[in-house]
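# Summary of structural features
Spelled out from the first residue to the last, the chains are:
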Amino acid sequence: DYEPTERERRVGKLVSDIVEHHHYRQSPINDPVSSITLDRYIDSLDPSRSFFLASDIQDFERIRYQLDDAILHGTLEPAFTVYNRFQMRNRERLQYALSLLKTQPDFTINESMDFDRSKTPWAKSGDELNELWRKRVKSDALSLMLTGKSWNEASETLTKRYDRALKNMEKITSDDVFDVFINSMLHVFDPHSNYLSPRNADEFKIAMSLSYVGIGASLQMIDDYVTVQNTIAGGSAATSGLINANDRIVGVGDGKDSKVQDVIGWRLDDVVQLIRGKEGTFVKLQIMPAGATPGSPEKTITLKRSKITLEAQAAKKSIRTIMRDGKEIKVGVITVPSFYQDYEANQQHDPNYRSTTRDVRNLINDLKTSGIDALIIDLRANGGGNLQEAVSMTGLFIGEGPVVQVRRSDGNVEVMSDNDTKIAWDGPLTVLTDRYSASASEIFSGAIQDYGRGLVIGQQTYGKGTVQDIRNLNQFSFSRDSKFGDLTYTMGKFYRVTGESTQHRGVQPDISLPSAISTDDVGESAQQSALPWDRIRSTNFARNSSLRNSVDTLRQEHDQRIDKNPNYQYLLSSIAAIDQIRKEKVISLNLQTRQQERQKNDKERLERENKRRVAIGLKPIESLEALEKTKEEAPDPLLDETAEITADLDVWVHHAAPVNAATSAPGK
């Protein structure tokens, strides 16, 4: 059985002291926090309710109001008691799963499995859990057989998977137990406060280093799956566009032609080591897309391992030419993957240090030389970055004025302003966003919208309007050899110049575009403990209200145009198919039924693709495999349509906009 160490007791007290005094919520760690912590702790250990029995859960009720004292006073035994019970149940289930693999199940029986068990009652008996695991093992085998494996091959793969899971249990340390427990408590306060053990803190620093060679993705373990937390701008994962948050990595191969190794149930650090490698080499990943049902076809992608450099993160430009009434309208596009700054070069007073603002200014000048009429700032998948860069980049379009307000846990409000009166671009402007546009991206797009300087187009943004501080706890260590790790905690919130928070709600677009990204599954509002939306006092800023008058006209033209756009219609039909799959919570365990379902889905996808191809003058393809071999660049109907809307905005500005529509006052 696991027991807490003296170091973990001290770290627990330290973390609780910092959270009580410095977290934005300014809430004590008390009985209500203890109660929620227990529920979060149990859920983090057994989210699919596949290990604990109802009697275990009832037994844990006796410690429901003890966990606050456990953290505050370093008496962590109750938390370790829960984990020890989990280990026992885990071992029982895995041994039972292995025993099931000795006999081939009957795949012709018409039975099904409910794979979303997050709200299912806890099993009342071992027999009930056995039945659940019988179906789970059958489903795991069926998923492998749908890829062409025989029962013997599937059984061999699953035996290795379950055996590895059993061996991984022996690698668990008291640090791992403490991590799960203390983070369950921190996530009661908000989803962005986290404790990193010394080992995990070191791993994080490696992953964030510009010299780190890999795919550029932050990974976490969720219910036996290595899951993508986010991709890092400039990394091969983000650049490829083939990996998204909440995708699950189920297999890894080292090299283009390598055999993919099943990694379900592996320890996170073991999978990370497989993905890492020498710069310029390739890693093959088998991905189960976010929201896909168990047994859905995986996609296999190959990425080049590379360093995450400022150059790779840099903003890029392109030009779209749109025809309106026989006239060419040149629409410039600047794609901004993140808000970056070469901090070291800046500190050394290098006059040519790289930054988002400097790069975007230079790109605007290049585009102006090319004679553009309007401009798009593409912030899709931009998860944020350097706050000051978001402020100074806003200044390229508004001149001087407040950009964002930051309210800290002590109630003090700081207004961050751009003090440069020079404007790099004063023409028609749109900002393209999606659900992954977060933090600094929301500050920029919100300010552009509030000033009436441009229109926001796309999807409601992520809604991360909180500020985190990171504190190295090693300074409190009682010995040089004993490390305490790092604590990240939320200590402030962002507010727009209007006083409205970007937290939870994000930035609502002026003109919405469809997206395959589910707002139910992705975003701050999807997090259990997200801080709420609220507002503070507005700042004084000069708002131009004229562009609001263009929105209805632009939306009407947009609605008429998309009906005739094959790429756009293909996107809509694909999103509808994905949404239908997301709604499914039960899967068949009949092999023939599943094969027919997969064939039906593949046939419908091929029909959608060929309908699009014929409409744009391309030859139909015979199979989805043939599509992969064409190496054709995927269309980007959202950027295409944003360019059309931006061209319409240019026409409207020159023909319908009032000459003097600026109002200088509290932005209301």
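Notes on the structure in this doc start here. (Residues numbered from 1 in each chain as written. Predicted model: local features only at pLDDT ≥ 70, side-chain atom pairs only at ≥ 80, totals over all residues. Heavy atoms only, no water.)

### Remarks on the environment of Arg 10
Rule in force here: Runs of E in the DSSP output that reach at least two residues are strands. Runs of H or I that reach at least four are helices, and both are numbered from the N terminus.
Tracing the backbone through its elements, the reader meets Arg 10 in helix H1 (residues 6–22). Sequence spacing of Arg 10 and Phe 484 is 474 residues, and the spatial spacing of their C-alpha atoms is 8.7 Å.

### Quick look at the environment of Val 336
Our working rule: When a residue's accessible area, from a 1.4 Å probe over protein chains only, is under 20% of the maximum for its type it is buried; when over 50% it is exposed; and in between it is partly exposed.
The topology assignment puts Val 336 in the loop between strand S12 (327–335) and helix H13 (343–347). Judged by relative accessible area, Val 336 falls into the buried class, the value being 0%. Each C-alpha atom of the pair Val 336 and Ala 245 lies 18 Å from the other, and the pair is 91 residues apart in sequence.

### A short note on the pattern of salt bridges
A side chain with one charge can pair with a side chain of the opposite charge if their charged atoms come near. Formally: Between Lys or Arg on one side and Asp or Glu on the other, a salt bridge is scored when a side-chain nitrogen of the former is within 4 Å of a carboxyl oxygen of the latter.
Under the definition given, this model contains 38 salt bridges. Residue Asp 262 is joined to Arg 161 by a salt bridge in which the shortest nitrogen-to-oxygen separation is 2.5 Å. Taken together, the residues span a long stretch of sequence, with Asp 262 in strand S7 (residues 261–262) and Arg 161 in helix H7 (residues 151–171) at a distance of 101 residues. Judged by its relative accessible area of 9%, Arg 161 falls in the buried class. Sharing partners across several salt bridges, the network here consists of Asp 56, Asp 59, Arg 62, Arg 85, Arg 89 and Glu 92.

### Description of the environment of Gln 592
Considering the arrangement of structural elements, one finds Gln 592 in helix H19 (residues 591–615). For Gln 592, a relative accessible area of 53% corresponds to the exposed category. Considered as a pair, Gln 592 and Asn 110 are 482 residues apart in the sequence and their alpha carbons are 9.8 Å apart.

Keep in mind these values describe shape, not function.
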